[in-house]
Amino acid sequence: MTEKERMVNGQIYRANDAELRADMKRARVLTRLFNQTTEEQQAYRRELTHQLFAQSGADLYIEPPFRTDYGCQTTIGQRVYMNYDCIIIDVAPVTIGDNVFFGPRVGLYTAGHPISAQGRRDDLEYGKPITIGNNVVIGSGSVVTKDIPDNVIAVGNPCRVLRPIDQAEEDYWAREKEQYFAEIAND
């Protein structure tokens, strides 16, 4: 079994493997190019994210700067927004659902390291996958290391569910939207 296969399967692996270094270099090049784009280069940004991620849905919008270890371990759904300074450490699979909003400086960290000094000196690592459900808001500065279910607001370090996004929440924002459009129609 290769080090990459071990990594993808959640087993202990050595990160200094040549194949993994090449994958990481590819991700670094693509994220550097992405981070150097301007607002006028939306089509090029989409092209770069399609190359970077295993899958990225329609209406993905990432505010630069952005960082990731591999990208190819990350699957992103439809209508996802990542605010400034998002970091995805994807040594294990990261799955982001539809209609997900990340505040600024959200980090998704799948990587872990041995606690023993010798294990760290031996460059051993492991990863645990993260899944973020549909219709989720992740608050600013949150550090996500575990799954987040559908229809919630989650915040903190470590990130935890703050509260569900329930029908009362949906009704409140529907009224706000209706009022907004009524106001601009009268201007």
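### Here we look at helix H5 (residues 167-185)
Then, in step 1: Here H5 is 19 residues long and its end C-alpha atoms lie 27 Å apart, about the 27 Å a rise of 1.5 Å per residue gives.
Then, in step 2: N-capping of H5 is provided by Asp166, with a side-chain oxygen placed 3.3 Å from the backbone N of Ala168.

### Some points on the nonpolar core
Then, in step 1: Core analysis: the largest hydrophobic core is formed by 29 residues, its most contacted members being Met82, Ile96, Phe102 and Leu108.
Then, in step 2: Ranked by residues supplied to this core, first place goes to helix H2 (residues 18-35) with three residues.
Then, in step 3: What Leu108 contacts, discounting residues up to four positions off in sequence, is Ile87, Ile88, Ile89, Val94, Ile96, Phe102, Ile130, Ile132 and Val144.
Then, in step 4: Tyr13, Tyr70, Ile89 and Val91 belong to the second largest nonpolar core, which has six residues in total.

### Regarding the sheet that holds strand E9 (residues 100-102)
Then, in step 1: Taken in spatial order, the six strands of this open sheet run E3-E6-E9-E14-E16-E17, and their pairing is mixed. Either end of the sheet is taken by a strand with one partner, and the two such strands are strand E3 (61-62) and strand E17 (160-164).
Then, in step 2: One ladder, built from four bridges, connects strand E16 (residues 152-155) with E17; its direction is antiparallel. Across the sheet, Val155 pairs through a bridge with Arg160, a residue of E17.

### Here's the deal with a nonpolar patch on the surface
Then, in step 1: Residues Tyr180, Phe181 and Ile184 make up a contiguous nonpolar surface patch of roughly 300 Å² in combined accessible area.
Then, in step 2: For Phe181, the position within the fold is in helix H5.
Then, in step 3: Given a relative accessible area of 46%, Phe181 falls into the partly exposed group.

### Notes on H2
Then, in step 1: Taking 1.5 Å per residue, 18 residues should reach 26 Å; H2 reaches 25 Å between its end C-alpha atoms and fits that length.
Then, in step 2: Residues of H2 that are buried in the fold lie against helix H1 (3-8), strand E1 (13-14), helix H3 (42-52), E3 and strand E4 (66-68).
Then, in step 3: Measuring from the backbone nitrogen of Glu19 back to the side-chain oxygen at the start of H2 gives 3.1 Å, which picks out Asp17 as the cap.

### Focus: unusual backbone geometry
Then, in step 1: Pro65 follows Pro64 through a cis peptide bond whose omega is 5°.
Then, in step 2: Structurally, Pro65 is set in the loop between E3 and E4.
Then, in step 3: Cis rather than trans, the peptide bond between Asn157 and Pro158 has omega equal to 5°.
Then, in step 4: Along the chain, Pro158 falls in the loop between E16 and E17.
Then, in step 5: Although it is not a glycine, Asp85 sits at a positive phi angle of roughly 65°.
Then, in step 6: Looking at where Asp85 falls in the secondary structure, it is placed in the loop between strand E6 (80-82) and strand E7 (86-89).
Then, in step 7: Accessibility expressed as a relative area gives 25% for Asp85, which makes it partly exposed.
Then, in step 8: Phi is positive for Asn135, which is not a glycine, with a value near 55°.
Then, in step 9: Tracing the backbone through its elements, the reader meets Asn135 in the loop between strand E13 (130-132) and strand E14 (136-138).

The rules behind these values
- Residues numbered from 1 in each chain as written.
- Predicted model: local features only at pLDDT ≥ 70, side-chain atom pairs only at ≥ 80, totals over all residues.
- Heavy atoms only, no water.
- Helix = DSSP H or I, 4+ residues; strand = E, 2+ residues; numbered from the N terminus.
- Expected span 1.5 Å × (residues − 1).
- Polar contact = N/O pair within 3.5 Å; in protein donor to acceptor, adjacent residues only side chain to side chain.
- Core = buried A, V, L, I, M, F, W, Y, C linked by side-chain atoms within 4.5 Å.
- Buried < 20%, exposed > 50% of the residue type's maximum accessible area, 1.4 Å probe, protein only.
- Contact = heavy atoms within 4.5 Å.
- Pairing = 2+ DSSP bridges.
- Patch = residues over 30% accessible without salt bridge, like charges linked within 9 Å, V, L, I, M, F, W, Y side chains within 5 Å.
- Areas by Shrake-Rupley, 256 points an atom, 1.4 Å probe, with all protein chains shown as cover.
- Salt bridge = Lys/Arg side-chain N within 4 Å of Asp/Glu carboxyl O.

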